Amino acid sequence: MKIFYGVQATGNGHITRARILGKALEAKGAEITWLFTGRAPEKLFDMDAFGNYRTCKGLTFATRKEHIDLLQTAMKLSFPAFFRDVTGLDLAGYDRVISDFEPVTAWSCKFQGLPCLGISHQNAFKYPIPVEGDRPLPRLVMNLFAPCTLSVGLHWHPFAPPILPPIIDTSHTEKSEETDKILVYLPFEDHRTVQRVLRDMQRGRFMIYCDVNSPRDEGPLHLRPFSLNGFRDDLATCHGVICGAGFELTSEAIHLGKKLLVKPVAGQMEQLSNALALERLGLATRMNRLAPGTVTAWLQAPATRRMVFPDTASELAHWITQGCTESIEALSRRLWARTNPQGAFRSPWQGSGTPTAPPSLLTEHRLRPSLPIPPALRRPPFTLS
């Protein structure tokens, strides 16, 4: 099977997911052509797994002082160039086209009248999930950014039947945890601010991945350049993770049982909604501002619960290479039945054919109706601001 696979490269999470699913697809005999957009080619790293991949500008968002900067975003958009990329993409001869929230591939399929399979966390927002910051413009942008004919959504909980568990690498062997090691990845924060806040912590060694050219150690701070293998090792051996409220890293941390402190990007609906879901599911602690007292309280708090996710990538690769003939609902049911929530409620898929019709979830934020969450998990141990 020949597959054209477009990946939104603005964040490393999409690339990580593509690397895992791509490996599973190739194990099933698929031949993949990769397109990465949303990041300058020289900013990509550890891309050997993708062979002779292609890049173009695509669309992305600009941030300033940890907020989405709509003016800068608008100024950076080049719709004529985007239109040329879309209309110039030759998709003839491919058996399947996949978009991980990648707009050039998705819109090219739309213009050419071709089916496009969308696989991303963003696709979960098409279904009833907890949502915060849901305003008309962000919702419109999310719906139009990468339109697909068939959408597969990914999330930490089966809020709706078509949603699958996260795509993560489940083959990692367990490593000894270093109880004082904390992994820090806050790409939308000024790393000087991050260092200033963490430098005076009374406990913890902080492995901070940021835009530095070489490793640098300053007391409890250990600054590291972006590195796939180094990051994996630190994630496997750390006690906790301080990060944004993106999807892929948080999913890996939850699967490994790491304590999580997340800071969503202000004004970004996806990250705000992720942070809300994480705290309501009891999977992480949320903070809206990075401050010494916030980090200290989190370090002293008990660990959050763990979810052991199944090998979604292999099952999804089999589903794709077999022509996507099985219903996505059946695939979802099978995968959630294999999910092992530790120290928490059982998945609604376990022990029953279909989940019961839900009441409203919660009402403090603008939330959509969803599957019920047990009362004990409706609030985290504490909430930081």
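Residues numbered from 1 in each chain as written. Predicted model: local features only at pLDDT ≥ 70, side-chain atom pairs only at ≥ 80, totals over all residues. Heavy atoms only, no water.

Caption draft 1: Representation of the overall build of the chain in the model. What the chain contains, in helices and strands, is 12 helices and 18 strands. Expressed as a percentage of the 385 residues in the chain, the buried residues total 54%. Split by element, the accessible area of the chain, about 16,700 Å² in all, is 53% carbon and sulfur. (Helix = DSSP H or I, 4+ residues; strand = E, 2+ residues; numbered from the N terminus. Buried < 20%, exposed > 50% of the residue type's maximum accessible area, 1.4 Å probe, protein only. Areas by Shrake-Rupley, 256 points an atom, 1.4 Å probe, with all protein chains shown as cover.)

Caption draft 2: Highlighting the environment of Val295. The residue Val295 is located in helix α10 (residues 292–300) in this model. Residues Val295 and Ile242, spaced 53 residues apart in sequence, show a C-alpha to C-alpha distance of 8.8 Å. In contact with Val295, not counting residues within four places along its chain, are Val197, Leu198, Met201, Ile242, Leu261 and Leu290. (Contact = heavy atoms within 4.5 Å.)

Caption draft 3: The pairing of strand β11 (residues 205–209), seen in detail. Here β11 lies mainly inside the structure; 4 of its 5 residues are buried. Where strand β10 (residues 181–185) lies against β11, 4 bridges are found, and the strand directions are parallel. Bridging from a neighbouring strand, Ile182 pairs with Phe206 of β11. In terms of handedness, the path from β10 via helix α6 (residues 191–199) over to β11 forms a crossover that is right-handed. Sheet topology places β11 next to strand β13 (residues 221–224); 4 bridges connect them, and they run parallel. Following the sheet pairing, Ile208 is matched in β13 by Leu223. (Pairing = 2+ DSSP bridges. Right-handed = clockwise from strand over helix to strand, strands pointing away.)

Caption draft 4: Representation of the packing of helix α1 (residues 12–27) against helix α11 (residues 312–321) in the model. At a closest axis distance of 8 Å, the pairing of α1 and α11 adopts a crossing angle of 55 degrees. Taken together, α1 and α11 sit at an angle that is classed as oblique. Seen from above, α1 lies across α11 with right-handed handedness. Counting all contacts with α1, which are made through Ile20, Leu21, Ala24 and Leu25, the residues of α11 involved are Ala313, Ser314, Leu316, Ala317, Ile320 and Thr321. (Axes fitted to C-alpha atoms, helices over the stretch in contact; angles between N-to-C directions. Parallel < 35°, antiparallel > 145°, perpendicular 65-115°, else oblique. Left-handed = near helix turned anticlockwise from the far one by under 90°.)

Caption draft 5: Geometry of a nonpolar patch on the surface. Together, Leu137, Leu140, Val141 and Leu144 give the surface a local cluster of nonpolar side chains, amounting to about 340 Å² of exposed area. Relative to the helices and strands, Leu137 resides in helix α5 (residues 136–145). (Patch = residues over 30% accessible without salt bridge, like charges linked within 9 Å, V, L, I, M, F, W, Y side chains within 5 Å. Salt bridge = Lys/Arg side-chain N within 4 Å of Asp/Glu carboxyl O.)

Caption draft 6: Spotlight on the pattern of salt bridges. Scanning the entire structure with this criterion turns up 20 salt bridges. Notably, a salt bridge pairs Arg17 with Glu248, separated by 3.1 Å at the nearest N-O pair. With Arg17 in helix α1 and Glu248 in helix α8 (residues 248–256), the pair connects residues that are 231 residues apart, well separated along the chain. A single burial state applies to Arg17 and to Glu248, both of which are buried. Notably, a salt bridge pairs Arg139 with Asp134, separated by 3.0 Å at the nearest N-O pair. Under the relative-accessibility criterion, Asp134 is labelled buried at 13%.

Caption draft 7: Structural context of the pairing of strand β15 (residues 259–263). With respect to burial, β15 is a largely interior element, 5 of its 5 residues being buried. By the bridge criterion, 5 bridges tie strand β14 (residues 240–244) to β15 in an arrangement that is parallel. Residue pairing for β15: Gly240 is matched across the bridge by Lys259. Where β15 lies against strand β16 (residues 285–286), 2 bridges are found, and the strand directions are parallel. Residue Leu261 lies in a different strand from β16, and its bridge partner there is Thr285. Note on the crossover from β15 through helix α9 (residues 269–280) to β16: the handedness is right-handed.

Caption draft 8: Here's a closer look at α5. Restricting attention to buried positions, one finds in α5 the residues Pro138, Arg139, Met142 and Phe145. Across the axial projection of α5, the buried residues extend over an arc of 140 degrees, all falling on one side. Relative to its buried face, α5 has exposed residues pointing more than 90 degrees away, namely Pro136 and Leu137. Residues of α5 that are buried make contact with β1 (2–8), α4 (103–112) and α9. (Arc of directions from axis to C-beta.)

Caption draft 9: Local environment of the sheet that holds strand β2 (residues 31–37). The strand order across the open sheet formed by 7 strands is β3-β2-β1-β6-β7-β8-β9, and the pairing between neighbours is parallel. Only two strands of the sheet have a single partner each, and these edge strands are β3 (54–56) and β9 (163–164). Where strand β8 (residues 150–154) lies against β9, 2 bridges are found, and the strand directions are parallel. Within β9, the residue paired with Leu154 across the bridge is Leu164. Against the sheet, α1 touches β1, β2, β6 (96–100), β7 (117–120) and β8, its axis set at about 165 degrees to β1.

Caption draft 10: Layout of α10. Of all the positions in α10, only Thr294, Val295, Trp298 and Leu299 are classed as buried. Looking straight down α10, one finds its buried side chains confined to an arc of 130 degrees; they lie on one side. Looking at the packing, one finds that the buried side of α10 touches β10, α6, β11, β14, β15 and β16.

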